[in-house]
Amino acid sequence: MNIAIIGAGINGLYIASKLAESGHKITIFEKNLEIGNKVCSGLFSNRILDFIPESEKLIEKKINSCFLNFPLKKIELKFSKSFFLINHSELDKLAAKIAQDRGVDIFFNQDIKDIPAGFDKVIGCDGANSVIREKLNLKKPHFRLGIQGFIRRSTAGLVETWPTKNGFIWKIPHKKEIEYGIIEEIKSAKKIFEGFLKKNNTIVEEKKSKIIPQGIIIPKNKLITLCGDAAGLTKPWSGGGVIWGLKAADMLIETFPDFLAYRSKVLKFFLPKIIISKLATKAGIFIGFNAPYLLPKNIKIESDYLL
């Protein structure tokens, strides 16, 4: 089949390489001039190796836990699946090379304004502000805002987080720098983040921001579908979307070319997880701020699916 994929992010590239491997002709349209997500903390659970084994060579650091700081209690979260610190831009470039080696055509500087014609199937992997989603007259997902900045100094220390009303602030030591960031509601993220930095006498450089979608929005359409951020597939508690997007991508590949079967499979798998994890996150934050003595000092959690 002749397939168009809109967006050369990690999901679009992964889907392209797998479908090309099965003999389909794949064309990717990318709006930017080069490959690489530049606004991301680069934390991926070790499940990334299940999807892209070659990414092992990109691992900069392994993280097994982080600290969750409530006003009156500090809790260590121990991950059942270790996290890897990987440069997201380099991961995208690796996925692009794999796709191109399998015959995928990638066209850059393609500002797609409508659904491409002349293809048997179209897959929208064009991010939070998906044009494909808009042209299908689908609702927008709920958006939060992610902001990150860096300090160029010693990177000693562990990963730490500070819960907020609708998200959290984080601190991640990289190889040569320390990253601070926040995910929160769009209207309040900047104010909360700047207040935190001021209170802690911290000045960050290279501030970048990105909207983060959340929800499941997949069309009832036999010819056109969505995956990744375009479909709102991000974790409710952290906003991370790579593993969820790749999991959905595998479902698309398994059911291809039946986009309705793909939609059904994604809803069945992710919808309960979103509902349960939202409730669990709200309950945990409420208890942490109002009755922290009820929480243990150490909690083991599932890295990608929480429950």
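Before going into details, it helps to say that this report is about the structure given with it. (Residues numbered from 1 in each chain as written. Predicted model: local features only at pLDDT ≥ 70, side-chain atom pairs only at ≥ 80, totals over all residues. Heavy atoms only, no water.)

**Some remarks on the side chain of Thr27**
With respect to the helices, strands and loops of the structure, Thr27 is situated in strand S2 (residues 25–29). Accessibility expressed as a relative area gives 7% for Thr27, which makes it buried. Look past the residues within four positions of Thr27 in its chain and what remains in contact with it is Ile3, Ala4, Ile5, Asp105, Phe107 and Phe119. (Helix = DSSP H or I, 4+ residues; strand = E, 2+ residues; numbered from the N terminus. Buried < 20%, exposed > 50% of the residue type's maximum accessible area, 1.4 Å probe, protein only. Contact = heavy atoms within 4.5 Å.)

**Points about the state of the cysteines**
Taken as a whole, this structure holds zero disulfides when the rule is applied. The thiol sulfur of Cys40 is not disulfide-bonded, and the nearest other cysteine sulfur, from Cys66, lies at 16 Å. A relative accessible area of 30% places Cys40 in the partly exposed class. Cys125 takes part in no disulfide bond, and the closest cysteine sulfur, belonging to Cys227, lies 5.2 Å away. (Disulfide = S-S within 2.5 Å.)

**Digging into the packing of aromatic side chains**
The tally for this structure, following the rule as stated, stands at 14 aromatic pairs. Considering the side-chain rings of Phe29 and Phe107, the 6.3 Å spacing of their centres and the 25 degrees angle between planes classify their relative orientation as stacked. Separated by 78 residues along the polypeptide, Phe29 in strand S2 and Phe107 in strand S6 (residues 105–107) bring together distant segments of the chain. You can call Phe29 buried: its relative accessible area is 14%. With a relative accessible area of 42%, Phe107 lands in the partly exposed category. (Phe/Tyr/Trp six-rings, centres within 6.5 Å; stacked < 30°, edge-to-face > 60°.)

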